[in-house]
Amino acid sequence: MAKILGIGNAVLDIVLKVPHAVHDDEEIRASHRHTQIGGNVSNSLYVLAQLGHQTAICTTTGGDSEAKQLINGLKERQIDVEHIQRFIKGRTPTSYVTLNASNGHRAIVHYRDLPELSFEHFAKIEIEEYDWLHFEGRNIDNLKGMLNIAKTFLTHQPISLEVEKPRDGIETLLPQANLIFFSHHYAKAKGHDSAESLLKAMQPQLPNSHLICTWGDQGAWFCTAGHAGIQHQPAKSVSPVVDTLGAGDTFNAAVIHHLLAGDTLDKAVKEATELAALKCQQHGLDKLLEAKQTRKPIAHLNKVTNAKTLVVEAPSIGKSVVLIKYEDQVKAYINNCPHQDVPLNEAYKIDVNPFEKTMKCSVHDAFFRIEDGVCVEGPCWDEALEAVDIQINEQGEIFIV
Ligand code: FRU
């Protein structure tokens, strides 16, 4: 286990799950809304904490009520908050995230009205106590000084730097880092059409650093410090993709974890690709490592028909789920009648009327429309079954998302 200090953003992410990407002049409904802790460094630290490390964040927060929520959330994620710089008049940074349920992709609108982390605040931290320092490449003017003192006072501890966006002067920071994560946005903004092209340009200037450039579902290209040549690690193809928010931050955390364990950069990038793929198959970052065991399909498409319901257990949500086809779609509902909170098949099987396109609760004969779960006849008229979001992969396996 190592002690890792992350310097960068902590954000409140307000996530809205929407059926498709939102276009101009459109008004749509989100199926879920929740708030979670985000920000690149904070996400990476959360993953590192799950990988068994002791983590601390150096970031800024406001003096508003959201700041309390943010700090409590960081603590719950086992991230030490001792080095947070609070600005009483500042507002907590917020991201409004739409998560496209059809493909797991996200769009982020970020709002920030908070002073940047000051050099003086960072300079008070006993950085020698840490085994690794990870910086987010933002707040460039102040970061220059922070990296300078890190370079001066640290003897053996590696420094990593995330270069996600092209910011004025960010290139002056690069020689200070032992490991640099470049994003494809940065590469493109610098006129490169591939990760390889960016690394080719960077390697001669930074021969003694590990360099990585990720390129979405094409994978990651990387150069090992002190070695000529560029290597490629293809991304792991996963289906269904349910949530890509924080996948890059997960990748960065896993690379740091494996390098700390003494693995080669090759191995670190390969493992990081696997963990990032796993992340894309679940919502948020909670229990990321447990997900390896629990992500199993609840049923197979070839068992679901229009004529009768299939009732299955969904361990990931701890509930029983009713599956049935409506036209060519699969509908999924929690197996719970809103009338008396009993399973629909409590007394007998759930009868299906293929003409009316309804299914009937076996307890008190409430009829629910298969299309949307609304009760059209019976004791809970106009109430509805709770829909469950599912995805079906190319092999026909059905997953809760
Ligand atoms: C994901 C993320 C979000 C945050 C945004 C900040 O990588 O860190 O959690 O809102 O990016 O730019």
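Residues numbered from 1 in each chain as written. Predicted model: local features only at pLDDT ≥ 70, side-chain atom pairs only at ≥ 80, totals over all residues. Heavy atoms only, no water.

A. Structural detail: the nonpolar core. Counting 39 residues, the largest nonpolar core has Leu-5, Ile-7, Phe-122, Leu-133, Phe-135 and Phe-182 as its most contacted members. In terms of residues, this core owes the most to one element, helix α4 (residues 140-153), which gives six residues. Counting 38 residues, the second-largest nonpolar core is a separate cluster that includes Ile-212, Ala-220, Val-255 and Leu-288. (Core = buried A, V, L, I, M, F, W, Y, C linked by side-chain atoms within 4.5 Å. Buried < 20%, exposed > 50% of the residue type's maximum accessible area, 1.4 Å probe, protein only. Helix = DSSP H or I, 4+ residues; strand = E, 2+ residues; numbered from the N terminus.)

B. Quick look at the sheet that holds strand β24 (residues 390-392). Ordered in space as β16-β25-β24, the three strands form an open sheet in which the pairing is antiparallel. With partners counted over all chains shown, the strands left at the sheet margins are β16 (299-300) and β24, one partner each. Here two bridges tie β16 to strand β25 (residues 397-400), and the two strands are oriented antiparallel to one another. Its bridge partner being in β25, His-300 is matched across the sheet by Glu-397. (Pairing = 2+ DSSP bridges.)

C. Summary view of the domain arrangement of the chain. Structurally, the chain comprises domain 1 (3-294) and domain 2 (299-400). For domain 1 and domain 2, the distance between their C-alpha centroids amounts to 40 Å. With both chains or domains summed, domain 1 and domain 2 bury close to 520 Å², and 45% of this area falls on carbon and sulfur atoms. For the pair domain 1 and domain 2, the interface holds one salt bridge. (Domains from an automatic or database assignment. Buried area = accessible area lost by both parts, 1.4 Å probe. Salt bridge = Lys/Arg side-chain N within 4 Å of Asp/Glu carboxyl O.)

D. Focus on the site of the ligand. Lining the immediate environment of the ligand, one finds Val-11, Asp-13, Gly-38, Gly-39, Asn-40, Asn-43, Ser-95, Ile-108, Leu-245 and Asp-249. In this structure, an oxygen atom belonging to the ligand sits 3.2 Å away from a side-chain N or O atom of Asn-43. Classifying every residue of the shell around the ligand by side-chain character gives three nonpolar, five polar and two charged. (Near = heavy atom within 4 Å. Polar contact = N/O pair within 3.5 Å; in protein donor to acceptor, adjacent residues only side chain to side chain. Nonpolar A, V, L, I, M, F, W, Y, C, P; charged D, E, K, R; others polar.)

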